[in-house]
Amino acid sequence: MINYQSVLQDTYQKICSEENTGEVASYIPELAKINPDQFGVCVKTVGGEEYGVGDWKAKFSIQSISKVLALSLTYNLLGDKIWDRVGVEPSGNAFNSLTQLETDNGIPRNPLINAGAMVICDMLISHTDDAKKELLEFINQICPDSKIEYSEKIAQSEKSVGYRNIALCNFIKSFGNIENDPQLVLDFYFHMCSLEMTCQELSNTFMFLVDDNFRSTKGEKVLDMQKAMRLNAIMQTCGFYDESGEFSFRVGLPGKSGVGGGILALHPDKYCVAAWSPKLNAKGNSSRGMKFLELFTSKTKSAIF
Ligand code: GLU
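Here, residues in each chain are numbered from 1, in the same order as that chain's written sequence. Local features in this predicted model are restricted to residues of pLDDT 70 or higher, and side-chain atom pairs are both shown and tallied only at a pLDDT of 80 or more, whereas totals for entire chains, interfaces and linings draw on every residue. To obtain the side-chain values, all non-hydrogen atoms of the structure were used and water was disregarded.

*Asks:* Any chance you could break down the pairing of strand β8 (residues 271-276) for me, citing the residues and the numbers?
*Replies:* The side chains of a regular strand alternate between both faces of the sheet. Per-residue accessibility, obtained with a 1.4 Å probe over protein chains only, is compared with the maximum for each type, and a residue is labelled buried under 20%, exposed over 50%, and partly exposed between these values. A run of DSSP states H or I qualifies as a helix once it reaches four residues; a run of E qualifies as a strand once it reaches two. Both are numbered from the N-terminal end. In terms of residue burial, β8 counts as a mostly covered element, since six of its six residues are buried. Here β8 shows no split at all, with Y271, V273 and A275 on one side and C272, A274 and W276 on the other all buried. Across six bridges, strand β2 (residues 40-45) lies against β8 in antiparallel orientation. In the strand pairing of β8, T45 is matched with Y271. Direction of pairing for strand β7 (residues 262-267) relative to β8: antiparallel, over a ladder of six bridges. When the sheet's bridge partners are listed, A265 is paired in β8 with V273. Here, any two strands with at least 2 DSSP bridges between them count as paired. Counting the residues between successive antiparallel strands, the hairpin from β7 to β8 contains three residues, one of them, D269, with a positive phi of roughly 75°.

*Asks:* Tell me about the site of the ligand, and please be specific about residues and values.
*Replies:* Being near a molecule or strand, for a residue, comes down to having at least one heavy atom within 4 Å of it. Taken together, the neighbourhood of the ligand is formed by Y27, Q63, S64, F95, N114, E158, N165, Y189, C193, Y241, G258 and V259. Between the ligand and the protein, one listed contact pairs a nitrogen atom with a side-chain N or O atom of E158 at 2.7 Å. In protein, a polar contact means a hydrogen-donor-capable atom and an acceptor-capable atom, both N or O and within 3.5 Å, with residues adjacent in sequence counting only if both atoms are side-chain atoms; elsewhere, any N or O pair within 3.5 Å suffices. One of the side-chain nitrogen or oxygen atoms of Y189 is found 2.6 Å away from an oxygen atom of the ligand. Surface accessibility in these figures is a Shrake-Rupley result with a 1.4 Å probe; residues are shielded only by whichever protein chains are displayed. Within the complex, 99% of the 300 Å² of free accessible area of the ligand lies under protein.

*Asks:* Can you explain empty space enclosed by the protein? Please cite residues and give values.
*Replies:* Any residue with an atom within 4 Å of a point lines the site, the site being either a cavity, points on a 1 Å grid over the protein atoms alone where a 1.4 Å probe fits but cannot get out, or a pocket, an open set with protein on both sides within 12 Å along at least 5 of 7 lines. Grid points are joined across faces, edges and corners, and a volume is the space filled by probe spheres set on the points. Summed over the entire model, instances satisfying the criterion amount to two cavities of 30 Å³ or more. Considered as a void within the structure, the largest cavity measures approximately 90 Å³ in volume. Considering the residues around the largest cavity, the lining is formed by 14 residues, among which S97, Q100, L101, I113 and A115 are closest to the centre. A per-class count over the lining of the largest cavity returns seven nonpolar, five polar and two charged. When its volume is computed, the second largest cavity comes out at roughly 60 Å³. The class makeup of the residues in the lining of the second largest cavity is six nonpolar, four polar and one charged. Throughout, the ten residues Ala, Val, Leu, Ile, Met, Phe, Trp, Tyr, Cys and Pro are labelled nonpolar, Asp, Glu, Lys and Arg are labelled charged, and all others, Gly among them, are labelled polar.

Read these as geometric descriptors, not functional statements.
This is the structure in structure tokens:
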């Protein structure tokens, strides 16, 4: 039996005793204001136990981790049709790269890079009455006992400097792979990225990809097993920008990071772990989060490989 609490505490202390390296994401002005020394981790198990350390109950901007949630809702609504408009290959490029889109005729490599997430946002706008509202409802139904909200401040802050994302969305539109007005798609995209959650809320929310018995507050299964397996496969291969291979190699779990410094990773049938520390390494992933998770899976011998 693994003593998760003592593994969390020992690992946390070890990492806190080392230098806090990297830089906070500063290209979104609101994100640059964060206290860089915050650091929290939460583990939730299929047995229902919950363990936390440090700032695990502090809200932070989950940024790209939200892409998995929007993808889950869209996959549920539209099924395999979504793969006609977005691929499932790692991009090997930065999350906001424009170059591949030219040769790929506006079909993003995967749904976890910005271009792919925008196509997913476009699908949700086309197939819901109010995409922003429905995404929020979906998340609140799988994260009971919490109130998850967008941060208007962060959404507006990102919008004010979103030149590259604006270019990306318009570029995809020029290939015909965005149906709606790019401004509408971008507004939804920026709000999706602005979602704020704690490590505790994140690890609870993503249990639908871990536990086959998980039910939403409506008593429904969120994704069937095959769809959950596919989402985990995409996180495994594409969840960490062009450091996805490194994360697989070092940590050995499917997961997704965000430029707010959050990392969500999970072991199907066992647990979900969320780590947050705002300073990012050169590839845009939380430096302390990456180190923590590497030690965590090696100490608990719980990588999926
Ligand atoms: N909102 C961020 C952007 O589009 C998300 C990036 C991320 O977390 O990967 O630049």
